[in-house]
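Given next are the chains, with one letter for each unit.
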Amino acid sequence: LELQPDEKEELVERLAKSLGLQRVGWIFTDLIPEDPKIGSVKYSRNVDSYFLSAQECITAADFQNRHPSPCSFSSSSYFGSKFTTVVVSGGSDNTITFEGYQVGICSFFYTECRFS
């Protein structure tokens, strides 16, 4: 899977700003139907498998780097990020769940160095 640039991203950002809104995160899904007759989904992200893959963590860190938080105590005027990753997946009861994440500061700096 490769994320492609969105040709309308700038337009959406301007529209959101004109409405007093801003981007706060990104959302993706890995939903796999288990029983379409009852609408259940497969439970796959858990303590016995994984919550986020390595690539998902790297992508989350990259997005966090693109959306830094203002900080008056930092020499760059920014530190860290409040940008959030949300995964829509199957829960332990085979229903749709939403889980929010942020990667740690080490991942944040690793991707900053790696992609610079």
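Described below are features of the structure shown in this document. All values reported here derive from a predicted model rather than from experimental measurement.

## Brief notes about the sheet that holds strand 5 (residues 96-101)
Sheet strands pair via backbone hydrogen bonds, and the direction of the pair is either parallel or antiparallel.
Argument step 1. Reading across from one edge, 1-4-5 is the order of the three strands in this open sheet, with mixed pairing throughout. Two strands close off the open sheet at either side, each with one partner strand: strand 1 (25-29) and strand 5. Direction aside, the axes of adjacent strands within the sheet are offset by 20° on average.
Argument step 2. Alignment of strand 4 (residues 84-90) against strand 5, held across six bridges, turns out to be antiparallel. Note that in strand 5 the partner of Thr85 across the bridge is Tyr101.
Argument step 3. Strands in contact with helix 2 (residues 54-66) are strand 1 and strand 4; relative to strand 1, the strand with the most contacts, it is inclined by about 160°.

## Quick notes on the environment of Ser18
Argument step 1. Along the chain, Ser18 falls in helix 1 (residues 9-18).
Argument step 2. In this structure, the C-alpha to C-alpha distance between Ser18 and Val41, residues 23 residues apart in sequence, is 38 Å.
Argument step 3. Within the local environment of Ser18, its side chain forms a polar contact with the backbone oxygen of Leu15, the two atoms lying 2.6 Å apart.

## Describing helix 2
Argument step 1. With 13 residues, helix 2 should reach 18 Å at 1.5 Å per residue; the first-to-last C-alpha distance of 19 Å fits that figure.
Argument step 2. Among all positions in helix 2, only Glu56, Thr59, Ala60, Ala61, Asp62, Phe63, Gln64 and Asn65 are buried.

## A word on the pairing of strand 4
Argument step 1. In terms of burial, strand 4 is a largely internal element, five of the seven residues being buried.
Argument step 2. Two strands pair when backbone bridges link them, and strand 1 and strand 4 are joined in this way by five bridges, in the parallel orientation. When the bridges of strand 4 are listed, Phe28 appears paired with Val87.
Argument step 3. Counted along the chain from strand 4 to the antiparallel partner strand 5, the turn is five residues long, and its residue Asn94 has a positive phi close to 65°.

Calculation notes
- Residues numbered from 1 in each chain as written.
- Predicted model: local features only at pLDDT ≥ 70, side-chain atom pairs only at ≥ 80, totals over all residues.
- Heavy atoms only, no water.
- Pairing = 2+ DSSP bridges.
- Helix = DSSP H or I, 4+ residues; strand = E, 2+ residues; numbered from the N terminus.
- Axes fitted to C-alpha atoms, helices over the stretch in contact; angles between N-to-C directions.
- Contact = heavy atoms within 4.5 Å.
- Polar contact = N/O pair within 3.5 Å; in protein donor to acceptor, adjacent residues only side chain to side chain.
- Expected span 1.5 Å × (residues − 1).
- Buried < 20%, exposed > 50% of the residue type's maximum accessible area, 1.4 Å probe, protein only.

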